[in-house]
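# Structural overview for review
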Amino acid sequence: MSATTESIPLLSPDLLAKLERLELVSRKVFRGRMKGERRSKRKGQSVEFADFRNYVAGDDLRLIDWNLYARLDQLFLKLFQEEEDLHVYALIDCSESMNFGTPTKYHVAKQMAAALGYIGLCRADRVSVQALGDQGRRAPVLRGRSGLWKMLQYLESLESGDNVSLHDAVKDFSLRNSGTGVVVLITDLMDKSGYEAALRMLVGRRMDVYVMHILSPEEIDPPIRGDRRLIDSEDGDETEITINNYVLERYKLTLQSFLSSVKHFCSRRSIAYLPVRTDQPVDDVMTRYLRKRGVVR
């Protein structure tokens, strides 16, 4: 029996090797908790010079610039850019609508989250890859490459079907996680109550927000015709419809209007909007597409 797409490992050895050379790009400077590889708001000791300031009693004499003292007869301290860690959050939409397509949007979302998480682990960032909803409460906070296996075990244990609204799920996440940093929301944005309030909440937390919008080819160009009964996978709502060329054209126009509105909403709030199709190989998304969009380097 051949293996299904869902049974294939989330990250291949070849992809892991490529991810080790990448780094997540933070468009903001955050104050971290531990020494890492990120530029901090604090001034400390590193190889990168930041500024001078006047010496005051009690300062470390080793930081005095004696060359400057010889010229100006005044004591100044050298300040260097302190490098600290970054908190990287990858949030996965676990609603039933994500369990659609071949491969499913849910499986692709877990692949993307795993890849982003591993990049953060390789850069000594604090990484939290977690599901939206109750399953997110047991997500580990990891640091260092040794955390890869715990992250993968957590991702493989996740199940779809948590039909909590994006707003409620993001609110729960915000209450449980007080840190700031980069947050990547991986979702199909299919929520009858809307996505706007959830994204505003993340922006309000002063996060560096990325939205990875996952859609399947079957949603972009539905391969169906004729009389159909459509059933909402999340709330069970039903409707009967005759699908012909006219209806499909209207559907595609509506979809494009929706995508344009999402892009405009994100652009106005400095949210990076990243549409991703499930038929795009994860290797290409991580090493080409996201690099081109400035998410990784």
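A short tour of the structure in this document, coming up. Everything quoted here is computed from the prediction, not taken from an experiment. (Residues numbered from 1 in each chain as written. Predicted model: local features only at pLDDT ≥ 70, side-chain atom pairs only at ≥ 80, totals over all residues. Heavy atoms only, no water.)

### Structural notes on the environment of Arg-27
On the secondary structure map, Arg-27 appears in the loop between α1 (13–19) and β1 (35–54). Here the alpha-carbon distance between Arg-27 and Val-295, two residues 268 residues apart in the chain, equals 9.1 Å. With sequence-adjacent residues up to four places away left out, Arg-27 is seen in contact with Asp-208, Val-209, Tyr-210, Ser-270, Ile-271 and Ala-272. (Helix = DSSP H or I, 4+ residues; strand = E, 2+ residues; numbered from the N terminus. Contact = heavy atoms within 4.5 Å.)

### A closer look at the sheet that holds strand β3 (residues 87–92)
Working definition: the strands of a sheet are paired by backbone hydrogen bonds and lie parallel or antiparallel to each other. As summarised here, the arrangement of the six strands in space is β5-β4-β3-β6-β7-β10, forming an open sheet in which the pairing is mixed. Of all strands in the sheet, those bounded by a partner on one side alone are β5 (142–143) and β10 (272–277). With six bridges connecting them, strand β6 (residues 182–187) and strand β7 (residues 208–215) associate as parallel partners. Considered in β7, the bridge of Ile-186 is made with Met-212. Here helix α9 (residues 282–292) sits on the sheet in contact with β7 and β10, set at roughly 140° to β10. (Pairing = 2+ DSSP bridges. Axes fitted to C-alpha atoms, helices over the stretch in contact; angles between N-to-C directions.)

### Focus on the layout of surface pockets
By volume, the largest pocket is sized at about 1,300 Å³. Together, 40 residues line the largest pocket, and Met-190, Glu-219, Leu-230, Asp-232 and Tyr-251 are the ones closest to its centre. Of all the secondary-structure elements, those providing two or more residues to the lining of the largest pocket are β7, α7 (217–220), β8 (226–231), β9 (238–243) and α8 (245–268). Among the elements that line the lining of the largest pocket, the one with the most residues is α8, at six residues. Looking at the lining of the largest pocket, its residues break down into 18 nonpolar, nine polar and 13 charged. (1 Å grid on protein atoms, 1.4 Å probe; cavity = no way out; pocket = protein on both sides within 12 Å on 5 of 7 lines; lining within 4 Å. Points joined across faces, edges and corners; volume = space filled by probe spheres on them. Nonpolar A, V, L, I, M, F, W, Y, C, P; charged D, E, K, R; others polar.)

### Brief notes about the packing of aromatic side chains
The tally for this structure, following the rule as stated, stands at four aromatic pairs. For the ring pair Tyr-195 and Phe-258, a centre distance of 6.1 Å and an interplane angle of 80° mean the geometry is edge-to-face. Here Tyr-195 is found in the loop between β6 and α6 (196–204), whereas its partner Phe-258 is found in helix α8, with 63 residues between them in sequence. The class of Tyr-195 is buried, set by a relative accessible area of 5%. (Phe/Tyr/Trp six-rings, centres within 6.5 Å; stacked < 30°, edge-to-face > 60°. Buried < 20%, exposed > 50% of the residue type's maximum accessible area, 1.4 Å probe, protein only.)

### Remarks on the pairing of strand β4 (residues 126–131)
Summarising burial for β4: six of the six residues are buried, a large majority. Of the two faces of β4, the one lined by Arg-126, Ser-128 and Gln-130 and the one lined by Val-127, Val-129 and Ala-131 are each fully buried. Examined bridge by bridge, β3 and β4 share six bridges and lie parallel to one another. By the bridge assignment, Leu-91 is partnered in β4 with Gln-130. For the crossover from β3 across helix α3 (residues 105–122) to β4, the handedness is right-handed. Judged from the two bridges that link them, β4 and β5 form a sheet pairing that is antiparallel. Paired with Val-127 across the strands is Leu-142, a residue of β5. (Right-handed = clockwise from strand over helix to strand, strands pointing away.)

### What to know about the nonpolar core
By size, the foremost hydrophobic cluster in this structure holds 52 residues, and its most contacted members are Leu-11, Leu-19, Met-112, Met-151, Met-212, Met-286 and Leu-290. Ranked by the residues each element gives to this core, the list is headed by α3, at 12 residues. Ranked by size, the runner-up nonpolar core spans 25 residues in total, among them Ala-169, Ala-198, Leu-255 and Leu-259. (Core = buried A, V, L, I, M, F, W, Y, C linked by side-chain atoms within 4.5 Å.)

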